[in-house]
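# Report on the structure
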Amino acid sequence: MSATIISGVEIAKAIREELKGEVSELKEKHGVVPGLVTILVGSDPGSVSYVTAKGKTAHALGIYSEQIDLPSETSEEELLGLIDKYNKDDKIHGILVQLPLPKHIDEGRVLYAIDPNKDVDGFHPVNVGKMVLGEQCFLPCTPHGILEMLTRSGIETSGKDVVILGRSNMVGKPMDKLLFQKKAAGN
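Rules behind the numbers
Residues numbered from 1 in each chain as written. Predicted model: local features only at pLDDT ≥ 70, side-chain atom pairs only at ≥ 80, totals over all residues. Heavy atoms only, no water. Helix = DSSP H or I, 4+ residues; strand = E, 2+ residues; numbered from the N terminus. Buried < 20%, exposed > 50% of the residue type's maximum accessible area, 1.4 Å probe, protein only. 1 Å grid on protein atoms, 1.4 Å probe; cavity = no way out; pocket = protein on both sides within 12 Å on 5 of 7 lines; lining within 4 Å. Points joined across faces, edges and corners; volume = space filled by probe spheres on them. Nonpolar A, V, L, I, M, F, W, Y, C, P; charged D, E, K, R; others polar.

### Quick look at the side chain of His124
Here His124 shows up in the loop between α4 (107-113) and α5 (125-133). Under the relative-accessibility criterion, His124 is labelled buried at 8%.

In structure tokens:
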């Protein structure tokens, strides 16, 4: 068995071009400008880099983007109030609260507060349930991105065993395994 090298850079470039066209079409045909808000609590360098990249990518695609940077001492209630504000904001179609959050903020309460229809991370229980049922919803980015890379590279996953290595809430949890198992089973 030989190894197959997958160029994530090339696949990402192709996906960005496709999305740029879709965003342009939404604007032209429907007068809709997709909107994303990223919320960062604290100043973890990795998190800052991640949300900054999201904003730059959104701008390059023609998506309206807001980045909200909050101090680490922000209260849970303040954060929940901000999420409620963006849940009600018609120009915002996606909300991304960067994890991890400071220890004094209940991550579960924050994730549950995000409108499932705006939960671009796919972590809200409604989206996890829809994913399990095979219904359309936002999917967790990392496992979905890996599946997209495999699919676009022509790698057949049906009937294959899948190994997931990870220790974060985003990689290696049951929802990631389910996504891969469903794909491997051909669902």
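After that view of the structure, there is still more to cover.
### Remarks on the environment of Glu18
Structurally, Glu18 can be placed in helix α1 (residues 8-30). Classification of Glu18 by relative accessible area gives partly exposed; the value is 38%. Remark: the alpha-carbon pair of Glu18 and Leu61, spanning 43 residues in sequence, is separated by 9.5 Å.

### Some thoughts on unusual backbone geometry
The linkage connecting Leu99 with the following residue, Pro100, adopts the cis geometry, with an omega of 0 degrees. Mapped onto the elements, Pro100 comes out in the loop between β3 (94-97) and α4.

### Quick word on the layout of surface pockets
Roughly 2000 Å³ of internal volume is contained in the largest pocket. Residue lining of the largest pocket: 50 residues in total, with Ile15, Leu19, Lys54, Val120 and Cys141 positioned closest to the centre. Of all the secondary-structure elements, those providing two or more residues to the lining of the largest pocket are α1, β1 (35-41), α2 (45-61), β3 and α6 (141-152). It is α1 that contributes the most residues to the lining of the largest pocket, ten residues altogether. Classifying every residue of the lining of the largest pocket by side-chain character gives 28 nonpolar, 13 polar and nine charged.

Purely spatial values, then, with no claim about function.
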